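# A look at the structure
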Amino acid sequence: RSIAPFVRVSPVSSAATQRQINVNTAPLEVLVAIGFTESQAVEMVQQRLNLPITKELLDTLVEGDVQLKRYTKLNSTEFTIYCRVVMPNTTKWLRAVVSAQGQQKRKTLVRQLEIS
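Residues numbered from 1 in each chain as written. Predicted model: local features only at pLDDT ≥ 70, side-chain atom pairs only at ≥ 80, totals over all residues. Heavy atoms only, no water.

## Some points on the overall build of the chain
- Broken down by element type, the chain carries 4 helices and 5 strands.
- Shown N-terminal to C-terminal, the secondary structure of the chain runs as helices and strands in the order β-α-α-α-α-β-β-β-β.
- Each of the 116 residues in the chain was classed as buried or not, and the buried ones make up 21%.
- Pairs at least 24 residues apart make up 33% of the contacts formed inside the chain by residues separated by at least 6 positions.
- Here the chain has roughly 8,900 Å² of accessible surface; of this, 54% comes from carbon and sulfur atoms. (Helix = DSSP H or I, 4+ residues; strand = E, 2+ residues; numbered from the N terminus. Buried < 20%, exposed > 50% of the residue type's maximum accessible area, 1.4 Å probe, protein only. Contact = heavy atoms within 4.5 Å. Areas by Shrake-Rupley, 256 points an atom, 1.4 Å probe, with all protein chains shown as cover.)

Right, dumping it as C-alpha cells:
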C-alpha cells in the first residue's frame, strides 16, 4: 500500500530491466519499500539533490543483498516532469509522464498529462 501511488501497471515483460527501480528517481517511500533502510534511503535522496547516485555507491549500498541488487538500477527511460503553468487569472500545475525511446536518436513520447 505504501508505494501504490508510485506504481503503474505495464505490459508483462520477461526482461529483468523492466522490473527494476531507478534509485536516482524513486521517491523515498519506494526506496524503503523495496528494502533500503530509512537512513540509506534518506541519504540517497539527499545525495542525488546534488549529483546522481553512482554505480560505486549503489554497489556499496546493495552489497550482500541479492534482492536489492536485482531490483535496482541507475537509469530510466520514463520520467515525470512537473511544471507550473501561469495563466492570466490562475496558476496550475502540469504533470507529464514522458518516455524516451531509442539509443542513437532518442525519441520522446508523452504518455500522460495531468493538470491540477
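From this point, things continue past the structure.
## Looking at helix 3 (residues 55-62)
- Of the positions making up helix 3, those classed as buried are L58, L61 and V62. Around the axis of helix 3, the buried residues are gathered within 85 degrees of arc, so they sit on the same side. Facing away from the buried side of helix 3 by over 90 degrees, the exposed positions are E56 and T60.
- Lining the buried residues of helix 3 we find helix 2 (38-47), helix 4 (66-71) and strand 2 (72-73). (Arc of directions from axis to C-beta.)

## Notes on the nonpolar core
- Grouped together as the largest cluster of nonpolar side chains are 13 residues, with contacts concentrated most on V23, L31, F36, M44 and L58.
- Broken down by secondary-structure element, the contributors of at least two residues to this core are helix 1 (28-33), helix 2 and helix 3.
- In terms of residues, this core owes the most to one element, helix 3, which gives 3 residues.
- Beyond its immediate sequence surroundings of up to four residues, F36 is in contact with V23, L31, A41, M44, L58, L61, V62, L68 and T72. (Core = buried A, V, L, I, M, F, W, Y, C linked by side-chain atoms within 4.5 Å.)

## Topic: the sheet that holds strand 5 (residues 107-115)
- An order of 3-4-5 is seen for the 3 strands of this open sheet, with the pairing classed as antiparallel. On the outer flanks of this sheet lie strand 3 (78-86) and strand 5, each paired with one strand and no other. Neighbour-to-neighbour, the strand axes of this sheet turn through a mean angle of 25 degrees, independent of strand direction. (Pairing = 2+ DSSP bridges. Axes fitted to C-alpha atoms, helices over the stretch in contact; angles between N-to-C directions.)

## Some thoughts on the pairing of strand 3
- Taken together, the 9 bridges between strand 3 and strand 4 (residues 91-101) define a ladder with antiparallel strand orientation. Looking at the pairing, I81 lines up with A96 of strand 4.
- Connecting strand 3 to the next strand, strand 4, in antiparallel fashion are 4 residues.

## Considerations on the pattern of salt bridges
- Using the criterion set out here, one finds 2 salt bridges in the structure.
- Of the charged contacts, one joins D59 and K55 as a salt bridge, the two residues approaching to 2.8 Å between their closest N and O atoms. On the criterion of helical spacing, the pair formed by D59 and K55 is a turn pair, its members being 4 residues apart in helix 3.
- Note on D59: relative accessible area 30%, which makes it partly exposed. (Salt bridge = Lys/Arg side-chain N within 4 Å of Asp/Glu carboxyl O.)

## As for the environment of L58
- Here L58 is to be found in helix 3.
- Along the primary structure L58 and K73 are separated by 15 residues, whereas in three dimensions their C-alpha atoms are 8.3 Å apart.
- Once residues within four sequence positions are removed from consideration, L58 is found in contact with V23, F36, I53, T72, K73 and L74.

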